[in-house]
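Tertiary structure, described
Spelled out from the first residue to the last, the chains are:
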Amino acid sequence: MSTPPREIDVLGLGVSTLDVVTLVDHFPTQDEVQRALAVMVQGGGPVATALVTLARLGAQVAMLDVLSDDWRGDLIRDEFRREGVSTAYLERIEGYSSSIASVWVRQGDGARSIAYAPGTVPELSAADIPPDVVASAKILHLNGRHWAACLQACQYARESGVQVSFDGGAHRFRPELENLVPLIDICIVARDFAEQYTGET
């Protein structure tokens, strides 16, 4: 039996956010007011950021996620399109709020401080994952968000011979991820994640 052609280089599954990034000289202390060195509004989220990077490198990529019909969701979708990330599998629902984050970046060393509002959109369910779309990808890239959908997508990937890539960020380890990591082909994790997962330094 021949393998079907892979139309998508990387299919992402995760939460897309809108980031308000503020460059500062130092992180503010209590009641302090300081002048920002720069401010920009851009899309964010670990999986979404990886897809934009891949699109800039010439890869065919698509995002699986759910956004609201609010202004945040509109900006996120618009930026995906500008960057060449397919939005064909982005679900849009009315009456909720999409994710947003305030990110302060210290100019001297690039250290970050983040305040995150996850929004109210419900997570994707296992039934929301189209098996044919997963099968059309070379790699499925995820970070454990949309938990039930994530496990289902991994199952479809294994059945279709699609490699699974995992982004385990710092301070993002949670015990249930121990059930996900064995399903991963390409495991990209922060040291903090690795230490919490293994219990070793």
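Look up a bit, the structure's there.
Notes on the structure in this doc start here. (Residues numbered from 1 in each chain as written. Predicted model: local features only at pLDDT ≥ 70, side-chain atom pairs only at ≥ 80, totals over all residues. Heavy atoms only, no water.)

**A look at the sheet that holds strand E3 (residues 38-44)**
- Read from one edge of the open sheet, 4 strands run E3-E2-E7-E8, paired in mixed fashion. A strand with exactly one partner marks an edge of an open sheet, and here the two such strands are E3 and strand E8 (112-117). Each strand of the sheet is rotated relative to its neighbour by a mean of 20°, with strand direction disregarded.
- Here strand E2 (residues 17-24) pairs with strand E7 (residues 99-106) via 8 bridges, running parallel. (Pairing = 2+ DSSP bridges. Helix = DSSP H or I, 4+ residues; strand = E, 2+ residues; numbered from the N terminus. Axes fitted to C-alpha atoms, helices over the stretch in contact; angles between N-to-C directions.)

**Focus on the pattern of salt bridges**
- Taken as a whole, this structure holds 6 salt bridges when the rule is applied.
- The partner of Asp109 in a salt bridge is Arg106, and the shortest N-O contact between them spans 2.8 Å.
- Where Glu195 meets Arg191, a salt bridge forms, and the shortest distance between an N and an O atom there is 2.9 Å. Residue Glu195 and its partner Arg191 are located together in helix H5 (residues 191-198), separated by 4 residues, close to a single helical turn.
- Classification of Glu195 by relative accessible area gives partly exposed; the value is 28%. (Salt bridge = Lys/Arg side-chain N within 4 Å of Asp/Glu carboxyl O. Buried < 20%, exposed > 50% of the residue type's maximum accessible area, 1.4 Å probe, protein only.)

**So, the packing of aromatic side chains**
- Considering all chains together, one arrives at 3 aromatic pairs under this definition.
- With centroids separated by 6.4 Å and ring planes inclined at 80°, the aromatic side chains of Phe173 and Tyr197 adopt a geometry described as edge-to-face. Taken together, the positions of Phe173 in the loop between strand E10 (163-168) and strand E11 (186-189) and Tyr197 in helix H5 put the pair 24 residues apart, joining distant regions of the chain.
- Residue Tyr197 is classed as partly exposed on the basis of its relative accessible area, which comes to 30%. (Phe/Tyr/Trp six-rings, centres within 6.5 Å; stacked < 30°, edge-to-face > 60°.)

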